Amino acid sequence: MASIVILRGKAGRPMADGWSRTHHYEITGAARADYQYHNNYTTGMDGDPHPVVAILTLNFSSH
């Protein structure tokens, strides 16, 4: 079963305005991913706002 925890402290800080805090997603015994999301990300002034997920780390090793 997967679990998600929002990280606290410096590890959980958003990478910029509009981004979420860091989420730690763990699939028991398989892998872990830290990610942040932005609901209205654009790539420039004329960009179309859309939701984006940024994978910060992927870890396939055990604890």
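This section reports on the structure supplied with the text. All values derive from a computational prediction rather than experimental measurement.

### Quick word on the overall build of the protein
Turning to step 1, where the next piece is worked out: The helix and strand inventory of the protein stands at 0 helices and 4 strands.
Turning to step 2, where the next piece is worked out: Counting from the amino terminus, the protein carries its helices and strands in the arrangement β-β-β-β.
Turning to step 3, where the next piece is worked out: Taken over C-alpha atoms, the radius of gyration comes to 14 Å for the protein, far larger than the 11 Å a tight globule of 63 residues would show.
Turning to step 4, where the next piece is worked out: By its C-alpha atoms, the protein is 45 × 25 × 15 Å across when sized along the principal axes.
Turning to step 5, where the next piece is worked out: The buried share of the protein, reckoned over its 63 residues, is 22%.
Turning to step 6, where the next piece is worked out: The long-range share in the protein, meaning contacts at least 24 apart out of those at least 6 apart in sequence, stands at 22%.
Turning to step 7, where the next piece is worked out: A total accessible area of about 4800 Å² is found for the protein, and carbon and sulfur atoms account for 56% of it.
Turning to step 8, where the next piece is worked out: On the protein, the mean spot of the 5 positive side-chain charges and the mean spot of the 5 negative ones are 17 Å from each other.

### Let's talk about the environment of Thr-28
Turning to step 1, where the next piece is worked out: Relative to the assigned elements, Thr-28 resides in the loop between strand 2 (23–27) and strand 3 (31–41).
Turning to step 2, where the next piece is worked out: Take Thr-28: its relative accessible area is 61%, and that puts it in the exposed class.
Turning to step 3, where the next piece is worked out: Placed 25 residues apart in sequence, Thr-28 and Ser-3 show a C-alpha to C-alpha distance of 8.0 Å.

### A short note on the sheet that holds strand 2
Turning to step 1, where the next piece is worked out: Taken together, the 4 strands give an open sheet; going across it, the order is 1-2-3-4, and neighbouring strands pair in antiparallel fashion. Looking at which strands have only one partner, the edges of the open sheet turn out to be strand 1 (2–6) and strand 4 (50–59). The average undirected angle you get between the axes of adjacent strands in this sheet is 25 degrees.
Turning to step 2, where the next piece is worked out: Alignment of strand 2 against strand 3, held across 5 bridges, turns out to be antiparallel. When the sheet's bridge partners are listed, Ile-27 is paired in strand 3 with Ala-31.

Rules of the game
Numbering of residues begins from 1 in every chain and follows the order in which that chain's sequence is written. With the structure being a predicted model, the display of local features is reserved for residues of pLDDT at least 70 and the display and counting of side-chain atom pairs for 80 or more, all residues being used for whole-chain, interface and lining totals. As a convention, hydrogens and water are excluded, and side-chain values are obtained from all of the structure's heavy atoms. Elements are defined by DSSP. Helices are runs of H or I of four residues or more, strands are runs of E of two residues or more, and each kind is numbered from the N terminus. Two things to know: the radius of gyration comes from C-alpha atoms, and the globule rule equals 2.2 Å times the number of residues to the power 0.38. Residue exposure (1.4 Å probe, protein chains only): buried if accessible area is under 20% of the type maximum, exposed if over 50%, otherwise partly exposed. Should any heavy atoms of two residues lie within 4.5 Å, those residues are considered in contact. For accessible areas, the Shrake-Rupley method is used with a probe of radius 1.4 Å. Any residue's cover is judged against the shown protein chains and nothing else. A positive count includes Lys and Arg, and a negative count includes Asp and Glu. His and the chain ends are not counted in either. Working definition for charges: the position is that of NZ of Lys, CZ of Arg, CG of Asp or CD of Glu. Pairing between strands requires that DSSP locate at least two bridges from one strand to the other. Axes here mean lines fitted to C-alpha atoms, for a helix over just the part in contact, with angles spanning 0 to 180 degrees between N-to-C directions.

Keep in mind these values describe shape, not function.
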